[in-house]
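# Structure at a glance
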Amino acid sequence: MPVHRRPPLPGVQRLARALALTAAATGVIHLGVAPAAATPADPPDRADVKAQVDQLYDEAEQASEKYNAAQEQQKRLQREAGILLTQVAAGQDDLNRLRADLGAVVAAQYRAQGLDPTLRLMLDNDPASYLAGARSLGQATARQNETLRDLRERQRRLDQRRQETAAKLDELEQVRHRLAAAKDEVRTRLARARQLLGDLTAAERDRLAYDDDARAARGADRFDLGNEPPASDRAAAALNAAVSKIGSSYVYGSTGPSTFDCSGLMYWAWRQAGVTLPRTSQGQASAGRRVSLAEARPGDLVIFFKDRHHVGMYAGGGVVVHAPHPGARVRYESVSAMPVNSVVRV
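In this text, all values refer to a predicted model and were calculated from it rather than measured experimentally. All residue numbers refer to positions counted from 1 along the written sequence of the respective chain. Given that this is a predicted model, residues contribute local features only at a pLDDT of at least 70 and side-chain atom pairs are listed and counted only at 80 or more, while totals for whole chains, interfaces and linings are drawn from all residues. In computing side-chain values, all of the structure's heavy atoms are included and hydrogens and water are not.

Note on geometry: axes are C-alpha line fits, over the in-contact stretch for helices, and angles between N-to-C directions span 0 to 180 degrees. Secondary structure elements follow DSSP: runs of H or I no shorter than four residues count as helices, runs of E no shorter than two count as strands, and numbering proceeds from the N terminus. The geometry of helix α6 (residues 233-243) relative to helix α7 (residues 262-272) is characterised by a closest axis approach of 7 Å and an angle of 125 degrees between their N-to-C directions. Taken together, the axes of α6 and α7 are oblique relative to one another. The two elements α6 and α7 cross, and the hand of that crossing is right-handed. Where α6 approaches α7, its residues R234, A235, A238, A241 and A242 are matched on the opposing element by L265, W268, A269, W270 and Q272. Each residue receives one of three labels: charged for Asp, Glu, Lys and Arg, nonpolar for Ala, Val, Leu, Ile, Met, Phe, Trp, Tyr, Cys and Pro, and polar for the others, Gly being one of them. Looking at the contact of α6 with α7 residue by residue, the classes come out as 8 nonpolar, 1 polar and 1 charged. Angle categories: roughly parallel below 35 degrees, roughly antiparallel above 145, roughly perpendicular from 65 to 115, and oblique for all the rest. Crossing handedness is defined as follows: a turn of the near helix away from the far one that is anticlockwise and smaller than a right angle gives a left-handed crossing, while the clockwise case is right-handed. Contacts between residues were defined by any pair of non-hydrogen atoms, one from each residue, lying within 4.5 Å.

See below:
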């Protein structure tokens, strides 16, 4: 039974570098240090800081998935609005051509109806030619009626497309606001976490990083992934891709190839297997067939938490590979470290 050794997890220096990288990628503005109070403040309690930082990271990840969802919706709406605008332009061109054709028919009718038809037949030097022209005029009248019907129908469709386009652009504007709000929420949470960590001494930050490593390892330095076969050849390829990124930094909104958020790692890994997943963990929860945790096979997606804001990939032996949270790196972790919502087989 193969045993896979966990890669070394970061100490305080790696934690500091990861936080700096996250800040650079998200454009977070570093908060200034408040002026010293007249009386020295009590030193922060490490356990309390850890609980607050963990909560802030969790909230930042939830906001990150909202950001990812809004970003995907924005891309979709931009594509759809572009198609509608093209259709409106083409429909207007068609209407203009129909109106020009109709105008020519009306002008011909006006010229031809200046005299009584019987009198025109008597005066015409070529009655056969006149009769042929009359038939042509009748045909032109029929075409005119058909053109009018077509014109009305095209105008109706064009008006409908314009209404759809206006609604789509309104929806796009709302999504842009949600995108900005989610981004601000992530920035706020990460800035507060950095501020809390900055209040600790170097030794306390080092200890905090060690505690996080110990929690991830669950008291073990080695994970037994077992020898259960992957769910499919594609699942095997996706798992190999995900495992190859162990040690990569977590950066919200990132889909690789060197940094990832939780759903971004799954998205990238499955793309290497030729499968395009939805971008968010909530979307990935519906990307395949659900199985029980007892039936999980390597390569299956494991969705965590009630609101499904986190996702990892089952690696075997009750272990997942995932991008945990800001300040951490892609790693193996026990599937029991977080509440499992569902398991999805792609």
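The next subject is the side chain of S249. Structurally, the position occupied by S249 is in strand β3 (residues 249-250). The definition of a polar contact used here is a pair of N or O atoms within 3.5 Å, where within protein one atom must be able to donate a hydrogen and the other to accept one, and adjacent residues in sequence count solely through side-chain atom pairs. Of note is the side chain of S249, whose polar atom sits 3.3 Å from the side chain of R329.

In spatial order, the strands read β5-β10-β6-β7-β8-β9; together these 6 strands make up an open sheet with antiparallel pairing. Only two strands of the sheet have a single neighbouring strand rather than two, namely β5 (289-291) and β9 (331-334). Geometrically, the sheet is characterised by an average inter-axis angle of 40 degrees between neighbouring strands, direction not taken into account. Strand direction decides the pairing type here: strand β7 (residues 310-316) and strand β8 (residues 319-322), joined by 3 bridges, are antiparallel. In the strand pairing of β8, Y314 is matched with V320. Seen against the sheet, α7 touches β6 (301-304), β7 and β8 and runs at an angle of roughly 50 degrees to β7. In this analysis, strands are considered paired if DSSP registers two or more bridges between them.

Turning our attention to the confidence of the model for the protein chain. pLDDT expresses how confident the predictor is about each individual residue, on a scale running from 0 to 100. For the protein chain, per-residue confidence averages 76 on the pLDDT scale, and residues scoring 70 or more make up 68% of the total. With pLDDT under 50 throughout, residues 1-42 is counted as low confidence; its partners more than four residues away or in other chains account for 74 contacts.

As for its placement among the helices and strands, R329 is situated in the loop between β8 and β9. Placed 78 residues apart in sequence, R329 and V251 show a C-alpha to C-alpha distance of 9.3 Å. A polar side-chain atom of R329 sits 3.0 Å from the main-chain carbonyl oxygen of G247.

Moving on, we come to the pattern of salt bridges. Here, a salt bridge means any Lys or Arg side-chain nitrogen found within 4 Å of an Asp or Glu carboxyl oxygen. Using the criterion set out here, one finds 13 salt bridges in the structure. A salt bridge links E185 to R189; its shortest N-O distance comes to 3.6 Å. Residue E185 and its partner R189 are located together in helix α4 (residues 127-198), separated by 4 residues, close to a single helical turn. Each residue gets one of three labels from its accessible area relative to the maximum for its type: buried under 20%, exposed over 50%, partly exposed in between, using a 1.4 Å probe on protein chains only. By relative accessible area, E185 is classed as partly exposed at 25%. A salt bridge links E333 to R331; the shortest N-O distance between them is 3.3 Å. Taking relative accessible area as the criterion, R331 reaches 2% and is therefore assigned buried. Overlapping salt bridges bring together E59, E185 and R189 as one network.

This next bit is on the packing of aromatic side chains. Aromatic rings from Phe, Tyr and Trp, with only the six-membered ring used for Trp, were paired whenever their centres fell within 6.5 Å, and each pair was classed as stacked if the ring planes differed by under 30 degrees, edge-to-face if by over 60, and tilted otherwise. Under the definition given, this model contains 2 aromatic pairs. Ring centres 5.4 Å apart and planes at 75 degrees place the aromatic pair Y67 and Y252 in the edge-to-face group. One end of the pair, Y67, is in helix α2 (residues 46-112); the other, Y252, is in the loop between β3 and β4 (259-260), and 185 residues separate them in sequence. For the pair Y67 and Y252, a shared accessibility class is recorded, and that class is buried. Seen in terms of ring centroids, F260 and W268 are 5.6 Å apart; in terms of plane orientation they differ by 65 degrees. Their pairing is edge-to-face. Each member of the pair, F260 together with W268, is buried.

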